[in-house]
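Summary of the model geometry
Here's the letter readout for the chains.
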Amino acid sequence: MSTEEKPAAPRSLAEALRARDDASLAALLRSRPDLITPVPTDLTQLATRAGTRASVLRALERLDRFALQTAEALAVAADPATYGELLGLLAGDDPDPVVAGALPRALGVLRTRALVWGGDDQLRLVRTARELLAPSPQHPSPTGLGPTVREATAGMSPGRLQEILAAAGLPSTHDPVSAVAALTGLFTDRARLAALLADAPAESREVLSRLVWGPPYGQVTHDPAAHLRWLLDRGLLLPTAPGTVVLPREVALHLRAGRAHRTPEPVAPPVTAAATHRPQMVDATAAGQALAALAMVEELLKEWDEGGPAVLRAGGLSVRDLKRTAVALDVPEPVAAFWLELAYAAGLVASDGGGGTSHGGKAVGDDERYAATPAYDEWRELSAERRWARLAEAWLLGTRTPGLAGGRDAKDRTLSALGPGLDRSAAPEVRHRVLALLAQLPEGAAPDTGSLLARLRWERPLRGPRREDTGDLRTRLAHWTLQEAELLGVTGRGALSAPGRALIGAGPAAPEEPAPGDAAGPGDKLPAHRHAPVALPVLSPGEQAVATAAAARVLGPLLPEPLDHVLLQADLTAVAPGPLERPLAEVLGVLADVESKGGATVYRFTPGSVRRALDAGRTAADLHAFLATHSRTPVPQPLAYLIDDVARRHGQLRVGAASAYVRCDDDATLGEILADKRAAGLGLRRLAPTVLAAQADPGALLDGLRAMGFAPAAESAHGDVLITRADAHRTPPRTAPEPVPDGPPAPDDALLAAAIRAVRAGDLAATAPRRPGPGETPPGPGGLPRTGVAETLATMQAAVLTGESLWIGYVNAEGAATQRVIAPVRVEGGFVTAYDHTADEVRTYPLHRITGVAELADDAG
């Protein structure tokens, strides 16, 4: 019976990567996309890049708590460590089936991400990760452990080491190395160390108990007390600096019963429900919030139709303008900032750059102001569910963080709404993860916020503090996500709605926790969901577009049908008992002012609102016909009188540009204006019986006369009445702001496949055995072959005839030298055309840039 030889253990991370299959390499590059930007030339370069400090830090930040605890345990273990030693550090002396069941997953995560390599008998943590996680005085380990005996006694005099051995009851040695080994052997022998500690005074044991879980450092005087002297004499406390002592790692592990962490956390904490509602109620509430969100965005941009507030010099909206917007929307300032940022993220509002356009396309104004974009007009033509879906997608994927508005940045500058400095690359990930956790709850269940935040902290323990003012950023983003999702209608009554579930591509809800009585006993294999967090993958752009369309389809049936009528009241109000059809809503929005919103919207007719409709080109007959057509109740007489009265006086005065002038056929009306004290600031004087000239500009003159109770109309240079429209001011075409990526984007399958082919080909070129020519010394590792021009040409021509592959050195136009494996196809005109195994494609190389050529050995793979 033949037995296969056990493969040799890898000697480096590069060798470990070389032994991986393509699927395993793809998993590594998918979990650490920074390694593929740019594509490494070979596996050695991939391993080098995977060990850089920046890349390792990024990888550690994406570990869940137990995977991180596993890495921390390996950082304080021997190098290499066995699987049994690692399990002992995590579970302690007493078997813990939960830890034992979770460890394979955590170790698999570390291996997949190339933070750990080697077999179970030789587990090695990547050197950079060990440096980051191992205890040091400058960077204490989360384990609370201190240095080993060998590290703590470095630099200690040989005489002092012998004194410690004698006090601990150990025989003397001939050198410091053996003395440290003997002391380490004592402290790692549980029985012998227990016997030594049994003789310790009670005060000494109390000192050890205070240091055992960290921090392991303490202060002593130059003349320590007797119970401290007892510990110092036996090496149970070792001096690290004058007046400072440390508890050796081996002693601490003994006192901890072998555990590296006080509380291992192998299982993700469950997200619990704080309240449960009927799913139909949740969806109905969310649909109402979705309609309110659309109305809020439309009202906001209606306020800015003629040009919104000015853009600050540093960018963004001033505090005063934000307050005005909040008052106009009747919401708190943080909520107003959310609606502003949402419209901005969806590309519906932007800065006009000081060159906005009027409805007819003519440039207006010189100051840079905020205004609606042309995309807003296109958005308004969409159905309600599609308009909502566009807002929801922009919110889910955007990195703009409205909750930061009003805070201070790292330079103590105020962060303004719509201004720079509000992008946080972690925002999309946190929003998606919060919604995914809500999707794991039963339908209609609203989460307990504390359990949700605990779960997020377990999943990304290192992605917390980020120099924010209060609390860690990830926790604040989660709080804001819950609030914003409710405002937008992604959730209803705190529970994820059906449209919200479709938005993230989630299927039917399923409880995450095992059923009662499903607890595992010793030796039982725990269910997978007890160990690993259930995570919905972040959708690709194409998948997200499909999910967004699905969310719109789910929302559509939940929205009420738009109404084509209102109820006119005798008190000059109209009641809309539900959402109105767009043409009706647009005309009514011009003809009347919104007085209150809710399940029903109340509009109030005023002289100013009726004049606004007349300014927009409507006649009194048009308004009477419109109201009679769309009212389920008769048109009240007071409203008809109001329209006729305003229409009779509308346009009686004409205002044009002189600086400005007022023209009226009734000279008595002009005399009344001149006699009014409120007209003093307009600088009016009579030019003719029917004409007044003014020092004020036409806009100020119009406002002043309207404040005096008149109904003037603006006129053009040709004497025609100017008709003003609601969409009079638009920005030039603007694109929505691009999200700020959190590192390189995740590679797609096509890019991964191409990258792996290139890396494997480059590795072949770097590692393939070479056959030296006669009298030639093979180049060292990384060296390039060196041959003369004639020999290079002859070898190339021979390879074309035989079809063999060659190893060449090549220097590109930038002077970078590389080595490649090629199969020459044609040699002519000073160029060689060959299939490049390194690049996996046919390329042409100038012969003068080839440093040399060598044949591959017969056993080259």
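Summary of the structure given here. The numbering scheme is per chain: residues are counted from 1 as the chain's sequence reads. Totals for whole chains, interfaces and linings use every residue, but because this is a predicted model, local features are given only for residues with pLDDT of at least 70 and side-chain atom pairs only at 80 or more, for both listing and counting. Note: side-chain values were computed over all heavy atoms of the structure, leaving out hydrogens and water.

1. Re the sheet that holds strand 17 (residues 601–604)
- We call two strands paired when DSSP finds no fewer than two bridges between them. Counting from the N terminus, the helices are DSSP H or I runs at least four residues long and the strands are E runs at least two residues long. The strand order 14-15-17-16 describes an open sheet built from four strands, whose pairing is antiparallel. Across the chains shown, the open sheet's two edge strands, defined by having one partner strand only, are strand 14 (567–568) and strand 16 (593–596).
- Sheet topology note: the strand 14/strand 15 (residues 573–576) ladder contains two bridges and is antiparallel. Looking at the pairing, L567 lines up with V575 of strand 15.

2. Digging into the pairing of strand 17
- Direction of pairing for strand 15 relative to strand 17: antiparallel, over a ladder of four bridges. Within strand 17, the residue paired with T573 across the bridge is R604.

3. What about the pattern of salt bridges?
- We define a salt bridge as a contact between a side-chain nitrogen of Lys or Arg and a carboxyl oxygen of Asp or Glu at a distance within 4 Å. Summed over the entire model, instances satisfying the criterion amount to 37 salt bridges.
- For D79, the salt bridge goes to R130, with nearest N and O atoms at 3.9 Å. Of this pair, D79 sits in the loop between helix 5 (65–76) and helix 6 (83–91) while R130 sits in helix 8 (residues 127–133); the two residues are 51 residues apart in sequence, bridging distant segments of the chain.
- When a residue's accessible area, from a 1.4 Å probe over protein chains only, is under 20% of the maximum for its type it is buried; when over 50% it is exposed; and in between it is partly exposed. For D79, a relative accessible area of 43% gives the class partly exposed.
- When its relative accessible area of 17% is taken as the criterion, R130 is described as buried.
- The salt bridge involving E429 is made with R460; its shortest N-O contact spans 3.5 Å.

4. Here we look at the sheet that holds strand 3 (residues 217–219)
- An order of 3-5-4 is seen for the three strands of this open sheet, with the pairing classed as antiparallel. Taken across any chain shown, the strands that pair with only one partner, and hence form the sheet edges, are strand 3 and strand 4 (238–241). Averaged over all pairs of adjacent strands, the angle between their axes in this sheet comes to 40°, without regard to strand direction.
- As defined by bridge partners, strand 4 adjoins strand 5 (residues 244–246) across three bridges and the pair is classed as antiparallel. If you follow A241 over to strand 5, its bridge partner there is T244. Where helices are involved, their axes are fitted lines through C-alpha atoms of the stretch in contact, as for all axes, and angles between N-to-C directions lie from 0 to 180°.

5. A short note on helix 31 (residues 698–707)
- For helix 31, the complete set of buried residues consists of L701, L702, G704 and L705. Taken down its axis, helix 31 places every buried residue within 165° of arc, on the same side. Along helix 31, the residues that are exposed and aim more than 90 degrees away from the buried face are D703 and A707.
- Looking at where helix 31 begins, the residue whose side-chain oxygen comes 3.0 Å from the main-chain nitrogen of G699 is D697. The arc in question is traced by the directions running from the helix axis to the C-beta atoms. We call two N or O atoms a polar contact when they sit within 3.5 Å, provided that within protein one can donate a hydrogen and the other can accept it, with sequence-adjacent residues counted only if both atoms are side-chain atoms.

6. So, the nonpolar core
- Nonpolar core, defined: a set of buried Ala, Val, Leu, Ile, Met, Phe, Trp, Tyr and Cys residues in which side-chain atoms within 4.5 Å join the residues together. Among the nonpolar cores identified, the biggest contains 90 residues, and F187, L236 and L237 are the most heavily contacted of them.
- Here this core takes eight residues from helix 5, the largest share from any one element.
- Contacts of F187, omitting those with residues within four sequence positions, involve V149, L193, L196, R234, G235, L236, E250 and V251.
- Formed by 75 residues, the second largest nonpolar core is a distinct cluster that contains V349, V430, L477 and L559. By the convention used here, residues are in contact when the closest approach between their heavy atoms is within 4.5 Å.

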